Every structure is written in C-alpha cells, then in structure tokens.
Amino acid sequence: MNKSWAIVNKLLPFSCVDGPGNRFVIFLQGCNFKCLNCHNPYTISLCTECGNCVKSCPHKALSFINYKVIWQTSVCQQCDTCINTCVHHSTPMTYKYSVDDLLITIRKYLPFLNGITLSGGEATMQLPFVEKLFSTIKQTNDLKHLTCFIDSNGYLAKTGWQKVENIMDGAMIDLKAWDNDVHKSLTGRDNLRVKETIKYLAKINKLYEVRFLIIPEHTDLQDNAENIAKFLIDLNPNIRIRINAFHNHGVRGIAKKWSSANKKQIEIFAEQLKQNGLKHFTLPTVYL
Ligand code: SF4
Ligand code: SF4
C-alpha cells in the first residue's frame, strides 16, 4: 500500500551530514523508540489533539476547533512553549505533506541537490509514504538522478526493508548499545532487530553508514569496541562509521544530568575500533 501524504516535523533543504553529498532532509513525525537522551523528544509521538498546549501559547498561534489543534504558522514566534507543555512527547507544529507538494518544494533546490534523506523521528514508521515518495522520484525524469536514503534506528523488520530496498540507495543505521539490556534501558526497545537490520542491509549492499552515540557512563559501546568491530568487519571491512558525542543541551528528564562526551573519549573509541580493523571514520567537528 502506498500512502501519498506524511506528517512532517521539519524540512531541511541542505545537509551534508545525512548521507553522501548535499541532501534535502525530511524529518517525519513519530518514533518507536523512547530514548532517554533524545534531543528532539517532541518528535516521538503523533499529536493526540488533546488541546492541552493551546492555552500555553503566548502568541495565540494555536486554537482548538472541532477537536483539532490548529497551528497558524504566520503568527507562531517559534518560542517552543507548546512543545515544553506537551506531556505526550509531541508538538502541534507539524505539516501534512503530500508527495506532490514535497516534490514541488524539492524542485526549488534541485540544482544544488545530490539526493534526499528521510529522517525523523523514525522515518520507517511512515513506510507506505516512504515507498510512494521514493518510487515517484525514481520514476520521474527530472528527479531520478537524486539518491534516496533513510536515516533509521534500525528497528524495521526485514520484511519492511524488503518493501523499499529496490527504491532506496542506502541507509544510515544507529546502533545505540551493544548489549540488549543496555539498549532496552536507553531506548525502551531491544537491539536484536537493529543488529539484524545492519546484517541484512550490509548483505544487500545498502548499508551506507553505522552510527554510534557515546554517552559517558551510560552507553556500553566503549567497553565493546572489539565485539563491535568484529561484527561489522565480518559484514563489510570498509563500512563507514560515524561517531557522535552526547551533549546534554536540549534533552529532558534524567539525561539532563548526564555528562557530555568529550573529544578524548570519542577519539579513544575510534582508536579502539581502528585497532580492531575498521578504517573509515567520521568524528564530531564540534564538542559542546
Ligand atoms: S512555538 Fe508554540 S507556543 Fe510558541 S508561538 Fe509557536 S505555537 Fe505558540
Ligand atoms: S501537541 Fe501535545 S499537548 Fe498539544 S494537542 Fe498535541 S498531544 Fe496535546
């Protein structure tokens, strides 16, 4: 089933960190993980239309009509009061985009783009839309040169990846912890399907990059560099690795008290992976 519209949190016309080249990134609303360290917790849930945030808006950009929250973009001052009020990890500030409307926007930037990336939230939560968008791009003469990538937490089952593998050029997958229990405590979900995704996408040559986020004293990646390297080298010794450093700016709840990762901690992890045979690394350029 193809779906021709999606709930979109944000569009980013240019990005050079979400796949190869210059990319138009579409952040879809909704995620199946609840990461304690999420930097965009308002992207986790779809709005329930409870209306509780409406009165919080100091600029009267929100109204509640026929049990629906209406957001007036022209009045909104982007103060974020509404998302800080919402206890459902959501936001009233989303857009409903059809494939056709999205393609009109993408065409405005076309001369500067190498491809598009669907991110989130978790992009694969709206898989029928992903199928429709990617297949339309691949069948449209002035767009088919654009590569189509997904940035994902890897929780999609193999049968889901099989629906998009022929219209997707590659995926970036996060491995948030090595041990299943650590992964569950950080994200609320197990990592068995994430590891299966990494294995499957590597096998069909669609795994563009594996991503790690180092959170001092909370991720176990640092203690499992040898296991991680062996797992990945068996799949593809040339796999790209991106290592990100946790920073506690913008997170909510318990993770606010967690220490940020520093340059030395990131470099030690990269060196451990390197000594165990991995070769291609992207490290942070800025530490907060
Ligand atoms: S960000 Fe939310 S609270 Fe602030 S002006 Fe916009 S709609 Fe209102
Ligand atoms: S954004 Fe949150 S508080 Fe506002 S209507 Fe939606 S679910 Fe309710």
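Model, not experiment: these values are computed from the prediction. (Residues numbered from 1 in each chain as written. Chains lettered and ligands numbered in written order. Predicted model: local features only at pLDDT ≥ 70, side-chain atom pairs only at ≥ 80, totals over all residues. Heavy atoms only, no water.)

A few words now on the overall build of the chain. The number of helices and strands found in the chain is 8 helices and 11 strands. Computed over its C-alpha atoms, the radius of gyration of the chain comes to 19 Å, within 12% of the 19 Å expected for a compact globule of 288 residues. Within the chain, buried positions represent 49% of all 288 residues. For the chain, long-range pairs separated by at least 24 residues make up 66% of all intrachain contacts whose partners lie at least 6 apart in sequence. As displayed, the chain has an accessible area near 14300 Å², and 50% of this comes from carbon and sulfur atoms. Charge centroids of the chain, computed over 34 positive and 24 negative side chains, lie 5 Å from each other. (Helix = DSSP H or I, 4+ residues; strand = E, 2+ residues; numbered from the N terminus. Rg over C-alpha atoms; globule rule 2.2 N^0.38 Å. Buried < 20%, exposed > 50% of the residue type's maximum accessible area, 1.4 Å probe, protein only. Contact = heavy atoms within 4.5 Å. Areas by Shrake-Rupley, 256 points an atom, 1.4 Å probe, with all protein chains shown as cover. Lys, Arg positive; Asp, Glu negative; His and termini not counted. Charge placed at Lys NZ, Arg CZ, Asp CG, Glu CD.)

Our focus in this paragraph is the domain arrangement of the chain. Per the domain assignment, the segments making up the chain are domain 1 (5-42 + 96-282) and domain 2 (48-85). Domain 1 and domain 2 are separated by 30 Å when their C-alpha centres are compared. (Domains from an automatic or database assignment.)

All chains considered together, the criterion is met by 9 salt bridges. A single network of salt bridges, built from pairs that share partners, joins D151, E209, R211 and R242. (Salt bridge = Lys/Arg side-chain N within 4 Å of Asp/Glu carboxyl O.)

Attention now goes to the site of ligand 1. Near ligand 1 lie 14 residues; those nearest to it are C57, C76, C79, D80 and C82. Under a 2 Å grid-point criterion requiring more than half of the atoms, the pocket assigned to ligand 1 is the largest cavity. The residue makeup of the shell around ligand 1, split by class, is 9 nonpolar, 4 polar and 1 charged. (Near = heavy atom within 4 Å. 1 Å grid on protein atoms, 1.4 Å probe; cavity = no way out; pocket = protein on both sides within 12 Å on 5 of 7 lines; lining within 4 Å. Sits in = over half its atoms within 2 Å of the grid points. Nonpolar A, V, L, I, M, F, W, Y, C, P; charged D, E, K, R; others polar.)

Structurally, the position occupied by E122 is in the loop between β6 (115-120) and α3 (127-138). Put simply, E122 is tucked away with no salt bridge, and the nearest opposite charge, on K176, sits 7.6 Å away. Within the structure, E122 has its side chain in polar contact with the side chain of S152 (distance 2.9 Å). Other than its neighbours up to four places away in sequence, E122 contacts L28, G30, C31, N32, D151, S152 and N153. (Polar contact = N/O pair within 3.5 Å; in protein donor to acceptor, adjacent residues only side chain to side chain.)

This next bit is on the site of ligand 2. Near ligand 2, the surroundings consist of C47, T48, C50, G51, C53, V69, C86, H88, T91 and P92. Residues that form the shell around ligand 2 fall into these classes: 6 nonpolar, 4 polar and no charged.

As a further point, take the layout of surface pockets. Put simply, the second largest pocket is a space of about 300 Å³. What lines the second largest pocket is a set of 13 residues, and nearest its centre among them are I7, C47, E49, P92 and T94. Those elements that place two or more of their residues in the lining of the second largest pocket are β1 (5-15), β4 (68-71) and β5 (95-98). Among the residues forming the lining of the second largest pocket, the class breakdown is 8 nonpolar, 3 polar and 2 charged. For the lining of the second largest pocket, the two domains that each supply at least three residues are domain 1 (5-42 + 96-282) and domain 2 (48-85). (Points joined across faces, edges and corners; volume = space filled by probe spheres on them.)

Moving on: the nonpolar core. I26, I116, L133, F134, W161 and L232 are the most contacted members of the largest nonpolar core, which totals 65 residues. Broken down by element, the residue count for this core peaks at 6 residues, all from α3. When neighbours within four sequence positions are excluded, I116 is seen to be in contact with R23, F24, I26, I106, L133, F134, I137, L146, T147, C148 and F149. (Core = buried A, V, L, I, M, F, W, Y, C linked by side-chain atoms within 4.5 Å.)

Most of strand β8 (residues 170-174) is tucked away, with 5 of its 5 residues classed as buried. Assessed by its sense of winding, the connection that carries the chain from strand β7 (residues 147-152) through helix α4 (residues 158-164) to β8 is right-handed. Strand direction decides the pairing type here: β8 and strand β9 (residues 207-214), joined by 4 bridges, are parallel. If you follow M172 over to β9, its bridge partner there is E209. (Right-handed = clockwise from strand over helix to strand, strands pointing away. Pairing = 2+ DSSP bridges.)

The final tally for this structure, using the stated rule, is 10 aromatic pairs. Measuring from ring centre to ring centre gives 5.9 Å for F24 and Y109, while their planes differ by 45°; the resulting arrangement is tilted. Of the two residues, F24 is situated in strand β2 (residues 23-28) and Y109 in the loop between α2 (99-108) and β6; the sequence distance between them amounts to 85 residues. Among the residues examined, F24 registers a relative accessible area of 0% and is labelled buried. Among the aromatic side chains, those forming a connected cluster through ring pairs are F14, F24, Y109 and F112. It is K96 that lies over the ring of W5; its NZ or CZ is 4.0 Å from the centre. K195 extends its terminal NZ or CZ atom over the ring of W178, reaching a point 3.7 Å from the ring centre. (Phe/Tyr/Trp six-rings, centres within 6.5 Å; stacked < 30°, edge-to-face > 60°. Lys NZ or Arg CZ within 6 Å of the ring centre and 35° of its normal.)

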